[in-house]
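Single-letter residue listing:
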Amino acid sequence: MRITNNMMLRNTSSNINGNKVNVNNLNNQMSSQKKIQRPSEDPVIAIRALRLRSTLSEIDQYYENNIPDAESWLEITDTALKNMVTIVTDIRSQCVYGSNDPLTADDRNTILTSLEKLRDQVYSEGNADYAGRTVFTGYRTNQKLTFMEDDKTTSYNITQTLGYGDIGEYRYYSDEVTLPTTAAEVLGNTIANPKEATFDRIRLSYGEIDSITGKDAAGNTVTADGTAGNNQALIGYTNADGTTGDLEVTVYDTLEDWAAANANEYAINEDTDSDGTPDTMKAVFIKETGEMILGANASSQLRSGKASLDLNYTKTGFDKGELRPEYYYNCTDITDPVNPVDFVKYENGKEVYQDIEYVVAANQTLTVNTAASDVFDAALGRDVDELIEAVRFAQEANAKVEEIEKMQGMQEYSSDDCQAALEDWLTAAKKERDYADDNMQKLYNSYIGNCDKYLEGINLAKTDVGSKGASLDLTKNRMSNQQTTMETLKSTNEDRDLSDIIIDYTAAYTAYEASLQAAAKINQNTLLNFI
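### Here's the deal with the overall build of the chain
So, point 1. A count of helical and extended segments in the chain gives 9 helices and 18 strands.
So, point 2. Its C-alpha atoms give the chain a radius of gyration of 41 Å, clearly above 24 Å, the size a compact globule of 531 residues would have.
So, point 3. Structurally, the chain occupies a C-alpha span of about 165 × 60 × 40 Å along its principal axes.
So, point 4. A separation of at least 24 residues holds for 75% of the contacts in the chain among residues at least 6 apart in sequence.

### So, a negative patch on the surface
So, point 1. Taken together, the side chains of E176, E208, E256, D257, E288, E389 and E396 present a region of like negative charge at the surface.
So, point 2. Taken together, the elements giving at least two residues each to the negative patch come down to α5 (255–260) and α7 (378–408).
So, point 3. As for its position among the elements, E396 is in helix α7.
So, point 4. For E396, a relative accessible area of 47% translates into the label partly exposed.

### Examining the packing of helix α2 (residues 43–98) against helix α3 (residues 105–121)
So, point 1. Interaxial distance between α2 and α3 falls to 10 Å at its minimum, and their mutual angle equals 160°. On the basis of the axis angle, α2 is roughly antiparallel to α3. In this structure, α2 meets α3 at a crossing whose hand is left-handed. Counting all contacts with α2, which are made through I87, D90, I91, Q94, Y97 and G98, the residues of α3 involved are D107, T110, I111, S114, L115, L118 and Q121.
So, point 2. Counted by class, the contact of α2 with α3 contains 6 nonpolar, 5 polar and 2 charged residues.

### Observations regarding the side chain of K315
So, point 1. Within the secondary structure layout, K315 lies in strand β12 (residues 308–318).
So, point 2. Of the side chains with opposite charge, E322 comes closest to the buried, unpaired K315, at an N-O distance of 4.4 Å.
So, point 3. At a separation of 2.9 Å, a polar atom in the side chain of K315 contacts the main-chain carbonyl oxygen of G207.
So, point 4. Within polar-contact distance, the side chain of K315 engages the backbone oxygen of G317 at 3.0 Å.

### Details of the packing of α3 against helix α8 (residues 416–494)
So, point 1. Packing of α3 against α8 brings their axes to within 14 Å, and their N-to-C directions diverge by 45°. On the basis of the axis angle, α3 is oblique to α8. α3 and α8 meet at a crossing whose hand is left-handed. For the pair α3 and α8, the contacting residues are R108, I111 and L115 in the first and D437, M440 and Y444 in the second.
So, point 2. A per-class count over the contact of α3 with α8 returns 4 nonpolar, no polar and 2 charged.

### Structural notes on the pairing of strand β9 (residues 244–252)
So, point 1. With 7 bridges joining them, strand β8 (residues 232–238) and β9 adopt antiparallel strand pairing. Bridging across to β9, I235 finds its partner in L247.
So, point 2. Adjacent in sequence and paired antiparallel, β8 and β9 are bridged by 5 residues, among which G242 carries a positive phi angle near 95°.
So, point 3. When β9 meets strand β10 (residues 282–286), the two strands line up parallel, connected through 5 bridges. Note on β10: the bridge partner recorded for V249 is A283.

### Quick word on unusual backbone geometry
So, point 1. One non-glycine residue, D175, lies in positive phi territory at about 55°.
So, point 2. The residue D175 is located in the loop between β4 (167–174) and α4 (183–188) in this model.
So, point 3. A positive phi angle, near 60°, is found at N363, a position not held by glycine.
So, point 4. Mapped onto the secondary structure, N363 falls in the loop between β17 (357–361) and β18 (364–367).

### Details of the nonpolar core
So, point 1. The biggest cluster of nonpolar side chains holds 112 residues, and the ones touching the most others in it are I91, L247 and W258.
So, point 2. Ranked by the residues each element gives to this core, the list is headed by α2, at 16 residues.
So, point 3. Residues in contact with I91, not counting those within four places in the same chain, are L115, L118, V122, L380, V384, L387 and C451.
So, point 4. V177, V186, V401 and A421 belong to the second-largest nonpolar core, a separate cluster that totals 14 residues.

### A look at the pattern of salt bridges
So, point 1. The final tally for this structure, using the stated rule, is 22 salt bridges.
So, point 2. In this structure, the salt-bridge partner of E386 is R203, at a minimum N-O distance of 3.1 Å. With E386 in helix α7 and R203 in strand β5 (residues 195–203), this residue pair connects regions lying 183 residues apart in the sequence. Comparing E386 with R203, the two get one shared label, buried.
So, point 3. K400 is the salt-bridge partner of E432, the closest N and O atoms lying 2.8 Å from each other. Of this pair, E432 sits in helix α8 while K400 sits in helix α7; the two residues are 32 residues apart in sequence, bridging distant segments of the chain.
So, point 4. Under the relative-accessibility criterion, K400 is labelled buried at 13%.

### Regarding the side chain of S155
So, point 1. Its location among the elements puts S155 in strand β3 (residues 151–163).
So, point 2. Take S155: its relative accessible area is 8%, and that puts it in the buried class.
So, point 3. A polar side-chain atom of S155 sits 2.9 Å from a polar atom in the side chain of T316.
So, point 4. Non-local contacts of S155, meaning those with residues more than four positions away in its chain, are made with D210, T314, K315, T316, T332, D333, I334 and T335.

### Topic: the environment of D417
So, point 1. Tracing the backbone through its elements, the reader meets D417 in helix α8.
So, point 2. On a C-alpha basis, the gap between D417 and Y164 in space is 53 Å, while along the polypeptide they are 253 residues apart.

### Some remarks on the packing of aromatic side chains
So, point 1. Inspection of the entire model under this criterion finds 14 aromatic pairs.
So, point 2. Relative to F393, the ring of Y173 lies with its centre 5.3 Å away and its plane at 45°, an arrangement referred to as tilted. Residue Y173 is located in strand β4, and its partner F393 is located in helix α7; the two are separated by 220 residues in the primary sequence. The residues Y173 and F393 share a single accessibility class, namely buried.

### Let's talk about helix α6 (residues 296–304)
So, point 1. Inspection of α6 places N297, A298, S299 and L302 among the buried residues, and these make up the whole buried set.
So, point 2. Check the buried side of α6 and you find it contacts β4, β5, β8, β9, β10 and β11 (291–294).
So, point 3. Of the residues trailing α6, K306 is marked for its positive phi of about 50°.

Procedures and definitions
- Residues numbered from 1 in each chain as written.
- Predicted model: local features only at pLDDT ≥ 70, side-chain atom pairs only at ≥ 80, totals over all residues.
- Heavy atoms only, no water.
- Helix = DSSP H or I, 4+ residues; strand = E, 2+ residues; numbered from the N terminus.
- Rg over C-alpha atoms; globule rule 2.2 N^0.38 Å.
- Contact = heavy atoms within 4.5 Å.
- Patch = residues over 30% accessible without salt bridge, like charges linked within 9 Å, V, L, I, M, F, W, Y side chains within 5 Å.
- Areas by Shrake-Rupley, 256 points an atom, 1.4 Å probe, with all protein chains shown as cover.
- Salt bridge = Lys/Arg side-chain N within 4 Å of Asp/Glu carboxyl O.
- Lys, Arg positive; Asp, Glu negative; His and termini not counted.
- Charge placed at Lys NZ, Arg CZ, Asp CG, Glu CD.
- Buried < 20%, exposed > 50% of the residue type's maximum accessible area, 1.4 Å probe, protein only.
- Axes fitted to C-alpha atoms, helices over the stretch in contact; angles between N-to-C directions.
- Parallel < 35°, antiparallel > 145°, perpendicular 65-115°, else oblique.
- Left-handed = near helix turned anticlockwise from the far one by under 90°.
- Nonpolar A, V, L, I, M, F, W, Y, C, P; charged D, E, K, R; others polar.
- Polar contact = N/O pair within 3.5 Å; in protein donor to acceptor, adjacent residues only side chain to side chain.
- Pairing = 2+ DSSP bridges.
- Core = buried A, V, L, I, M, F, W, Y, C linked by side-chain atoms within 4.5 Å.
- Phe/Tyr/Trp six-rings, centres within 6.5 Å; stacked < 30°, edge-to-face > 60°.

In structure tokens, the structure reads:
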């Protein structure tokens, strides 16, 4: 085969270009330290790089964004729960203090001051938020758990499910002493005869109720608001065995109205049959305090039947710090009657959970939120209110005794008739004082158990948050290891060591220079050199 100079020149040019391309590739690798610059250079490396980069991007999202967000949410929740434990423990300490032997006026003032301060903090931790999102309010993270200021216009229709376990004993006092201010009043005014009555009751989560909804004897829906001719309703209940019945409920505005309807004392008159056994189940509902007070037969039947009942009521106006009902009950915001807003907490008897989940790893989610109803018991605030009221009742009753004793030493009341009358007034005041002191001690002693129950619920929630945190730590460690592994695999697939590139580059550049020198020698001789 005849080899011409043109053939040699073409081959030499091709070889020079090939060496030049190789030098260029290695030069690019040296500047980027990457094996390839475009997929066409090595499709296998390119495909593997896409897969590794995609996997690493997912891991980075979990490890650098989702997991830290979940950690922060859990930390905010845990801090709020720790603060709540402190608050309830302080309330419990006041209960222990108040349940001691008769207290001095200073002791009662100390308890009252402490409880009033704690009352403002009871539910404040429920408004804790993370990055502007309230952590205890489910999906409604833009809303607070409590009313942030007094609201006298907002109105809700609330359905609260209650049961025999919510029945508790409570003491009521009537015909309280009203101090006379002149000698004429000492002699002329009727001296009170303080009375104590003990009833079983079911307490709602709210006071200042507008009305309750029940039915009449014909089964028609009735809204009883305590007004004349509209203060009677039947409230249905269901026993554990499925049998049903009705409570005959009479609605009063205040406890005083109830007492006034029964000759200035509290009474529930249940009808009896021929052998004297009550054959009706009656109750009284007090709108002001939000209590359904049970007759003896009603309480006995509800307890023995392990009954439950749904009490539907309407409330307008909420105080600062009160819980918003949508986080606890099925209810409807009827502030705007034309556009009511329904909230569903229970469906077919089961709680509807609003879980906020973070994807913390492939095919792994973590629920980070805690429901307010699992931590902030709606009864806690009501308990504190009653403890405060018991202290005030005791303060006022003791002050009455002290005032009458002062009056006995005043010239204005020095007559024998006044002194004799003041003794009767003092006897009545001491009776009221003894009732008040005894009630305060008994109430505080019984509410120690309530605080223990609240603490148990809060600590259970803390344990749940802690277990979530521990699980998240394990996932975080695993993601960290996976991130390191993926980065190593990605580097192995895509990157080249600089020292290796320099060696290859030197060899390639030497070959390139050699090809140029060889080409130069070929072009030195032509046919003219042989003529």
